[in-house]
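Structural features, examined
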Amino acid sequence: MTSAPPTVAVTAPRRLVEGRERVTLNTAYVRALERAGVVPLAVPTMLAPDHAAAALNGMRGLVLTGGEDVAPDRYGALPHPRLGVVDPSRDAAEVALIDAARQRGLPILAICRGIQILNVALGGTLYQDLSSERPGPVPHSDETSHHGVRVAAGSLLERTLGTRAATVNSRHHQAIRDLAPALKAVAWAEDGVIEAAEPNGADDPWIVAVQWHPEDLTERALFEGFARAVA
């Protein structure tokens, strides 16, 4: 008998669609995860934080998806003039999901906003707007652009991607400023902006956080690595 594929929780934000608030999930995540051999189940990010642990019951892993800016009061900063839309209830739900997943030792794949909320949840801070707070030659917020990243030798990310150099898409205006103590940077853009992070400790569960959008690159290696971790 063939065993059932593992199920993973995928954060699904709320959006206003045709005048009604709905829970939505970019289908690119679903396709990428299913192609890798796991079944993605949407978890609403308007979920009450004290229900986060229950949302992970029966789940083998957690995927943190892209979306809004993280509210700066989460890391003790005042709002920047170029701060985008925030959703404090999403921040609270995802921080609770991260805490519950780590307590259970569940693998986590964090994508774009995902790396940002993971860093904040673990005690780090963010640039609220790269172009004004850390200007450089890489147009990180240009949705049509791609740029190179350098991957740390010996990192989990290198073992997952199978390379120390990659070209990634870039559509973010926030990024890690101060790295959380529990994390280490494992990839950098050409201008030095942190593009990926993973846990410091050798005994930590499988966690890979990237600033780019692998689901839109049809980049299979990260999803296949996550699928192996949750198998």
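A short tour of the structure in this document, coming up. (Residues numbered from 1 in each chain as written. Predicted model: local features only at pLDDT ≥ 70, side-chain atom pairs only at ≥ 80, totals over all residues. Heavy atoms only, no water.)

Examining the sheet that holds strand β11 (residues 183–189)
Which entries qualify depends on this criterion: In this analysis, strands are considered paired if DSSP registers two or more bridges between them. Helix numbers and strand numbers start at the N terminus; a helix is a DSSP run of H or I with at least 4 residues, a strand a run of E with at least 2. Fitted lines through C-alpha atoms give the axes, limited to the stretch in contact for helices. The angle between two N-to-C directions lies from 0 to 180 degrees.
In space, the nine strands of this open sheet follow the order β4-β1-β5-β6-β13-β12-β11-β8-β9, with mixed pairing throughout. Each of the sheet's edge strands pairs with one partner strand only, and the pair in question is β4 (39–44) and β9 (165–169). The sheet shows a mean angle of 25° between the axes of neighbouring strands, direction not considered. Note that strand β1 (residues 7–12) and β4 share six bridges and pair parallel.

A few points about helix α7 (residues 220–230)
Put simply, the test is: We call a residue buried when its accessible area falls under 20% of the maximum for its residue type, exposed when it is over 50%, and partly exposed in between, using a 1.4 Å probe and counting protein chains only. Contact definition: two residues touch when any of their heavy atoms are within 4.5 Å.
Three or more residues of α7 are buried, namely Leu222, Phe223, Gly225, Phe226, Ala227 and Val230. Elements that come into contact with the buried residues of α7 comprise β1, α1 (27–35), β5 (62–64), β6 (108–111), α6 (156–161) and β13 (207–210).

What to know about the environment of Leu83
Looking at the secondary structure, you find Leu83 in the loop between β5 and α3 (88–104). Linking Leu83 and Pro5, residues 78 residues apart in sequence, is a C-alpha distance of 40 Å. Setting aside chain neighbours within four positions, we find Leu83 in contact with Asp69, Val70, Pro72, Gln128 and Gln174.

Description of the packing of aromatic side chains
To keep things clear, this is the line we draw: Aromatic pairing here means that ring centres of Phe, Tyr or Trp (its six-membered ring) are within 6.5 Å. Orientation follows from the plane angle: under 30 degrees is stacked, over 60 is edge-to-face, and everything else is tilted.
Scanning all chains against the criterion turns up one aromatic pair. Relative to Phe226, the ring of Trp206 lies with its centre 5.8 Å away and its plane at 50°, an arrangement referred to as tilted. Separated by 20 residues along the polypeptide, Trp206 in the loop between β12 (194–199) and β13 and Phe226 in helix α7 bring together distant segments of the chain. Exposure class is identical for Trp206 and Phe226. Each is buried.

Details of α1
How we decide: An arc is given here, and it is the one of the directions from the helix axis to the C-beta atoms. The term polar contact refers here to a pair of N or O atoms within 3.5 Å; inside protein, the definition further demands a hydrogen-donor-capable atom paired with an acceptor-capable atom, and it admits residues adjacent in sequence only when both atoms are side-chain atoms.
Of all the residues in α1, the buried ones are Ala28, Tyr29, Ala32 and Leu33. All buried residues of α1 fall inside an arc of 125° around its axis, so they share one side. Seen from the buried face of α1, the exposed residues on the opposite side, beyond 90 degrees, are Arg31 and Glu34. Between the side-chain oxygen of the N-cap and the backbone nitrogen of Ala28 there are 2.9 Å, and the N-cap of α1 in question is Asn26. A positive phi of about 105° marks Gly37, the residue just after α1.

What to know about the pairing of strand β3 (residues 20–23)
In the sheet, strand β2 (residues 14–17) pairs with β3 via four bridges, with the strands oriented antiparallel. Pairing of Arg14 across the sheet is with Val23, part of β3. Counting the residues in the hairpin turn of β2 and β3 gives two residues, including Glu18, whose phi is positive at 55°.

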